[in-house]
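Analysis of the macromolecular model
Spelled out from the first residue to the last, the chains are:
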Amino acid sequence: MVAVAHGSRDPRAAATVAALLGAVRARRPDVPAHAAFLDHGPPAPDRVLDGLARDGADAAVVLPLLLTAAYHSKTDIPGVLNRVRALHPRLALRTAATLGPHPLLMDALERRLREAGVEPGDPDTAVVLVSAGSSDASANVTIARLARRWRARGWRDAVPAYASAAGPKPGEAVAALREAGAPRVAVASYFLAPGYFADKVRTQTLAAGADAVSPVLGAAPEVADLIVHRYDEALESAGRAAAG
């Protein structure tokens, strides 16, 4: 498994990925799991895959540690795979789906909200589901759909917000819910790892009147379980393709 994260200049992000893969290895000690990063730090995914091929590996599952399907999963990672296939045509490369959307991520969000003192589904609490945001409109639509589904789990309201590239911004969403009369507003941080966006969202939403902001998903057990699921799913898909 080569788990590919976005990457960050913030050292907490790489440490979080390392902790998450540690949890994955505990669940699947039979699977060698390697981290790679698209930006801001080594190792790059093509370097990891090149090293595995040179060490004699004949197959690898490339697993995007991305919460939505957008530019990185649709363009960057396929570009990496094309370069590696040109260098190592005998290395069988399989690509797993992005982590989200998946119900396990909603469970992880609720775990983090509990840690912030918010009981999931509280009818007096409105929740803002905040993602990084994307220039890919379909990724933002995915977050809006998740918020709509989450609203049905008992919250007073559940609305999407985006740290960049789209609106509403997190602080605006908090203020709107306050103006609409929500007794309590919580912010659910839909980020895999800490960094610039997560810190900015916390500061801005608390200033806008949020009562609580959840920690990032990080190495939540549900995220580790989901990585294992996506890995097995990729192998099963490859097996069906070979059988067909």
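The structure we're discussing is the one just above.
Residues numbered from 1 in each chain as written. Predicted model: local features only at pLDDT ≥ 70, side-chain atom pairs only at ≥ 80, totals over all residues. Heavy atoms only, no water.

1. Some words on the sheet that holds strand β8 (residues 212-213)
Taken together, the 4 strands give an open sheet; going across it, the order is β6-β5-β7-β8, and neighbouring strands pair in parallel fashion. Lying at the two open borders of the sheet, with one neighbouring strand each, are β6 (157-162) and β8. Inspection of the sheet shows strand β5 (residues 125-131) paired to strand β7 (residues 184-189) by 6 bridges, in the parallel sense. Looking at β7, one finds that Val127 is bridged to Ala186. Each of β5 and β7 is contacted by helix α4 (residues 103-115), which is oriented at about 125 degrees to β7, the strand it contacts most. Most of the contacts of helix α5 (residues 137-151) go to β6, to which it runs at about 165 degrees, and overall it touches β5, β6 and β7. (Pairing = 2+ DSSP bridges. Helix = DSSP H or I, 4+ residues; strand = E, 2+ residues; numbered from the N terminus. Contact = heavy atoms within 4.5 Å. Axes fitted to C-alpha atoms, helices over the stretch in contact; angles between N-to-C directions.)

2. As for helix α7 (residues 196-207)
Compared with an ideal rise of 1.5 Å per residue, which puts 12 residues at 16 Å, α7 spans 17 Å between its outermost C-alpha atoms and is within 8% of the ideal. Along α7, the residues classified as buried are Ala198, Val201 and Thr205. When α7 is viewed along its axis, its buried side chains cluster within an angular range of 60 degrees and face the same direction. Exposed residues lying more than 90 degrees from the buried face of α7 are Tyr196, Thr203 and Ala207. Lining the buried residues of α7 we find β5, α6 (170-179), β7 and β8. In the segment just after α7, Gly209 is the residue with positive phi, at about 115 degrees. (Expected span 1.5 Å × (residues − 1). Buried < 20%, exposed > 50% of the residue type's maximum accessible area, 1.4 Å probe, protein only. Arc of directions from axis to C-beta.)

3. Quick notes on the packing of aromatic side chains
Using the criterion set out here, one finds 2 aromatic pairs in the structure. Between Trp150 and Trp155 the ring centres are 5.5 Å apart and the planes differ by 75 degrees, which places this aromatic pair in the edge-to-face class. Relative to Phe197, the ring of Tyr196 lies with its centre 5.6 Å away and its plane at 55 degrees, an arrangement referred to as tilted. Here Tyr196 falls in the exposed class, since its relative accessible area comes to 59%. Judged by relative accessible area, Phe197 falls into the partly exposed class, the value being 29%. (Phe/Tyr/Trp six-rings, centres within 6.5 Å; stacked < 30°, edge-to-face > 60°.)

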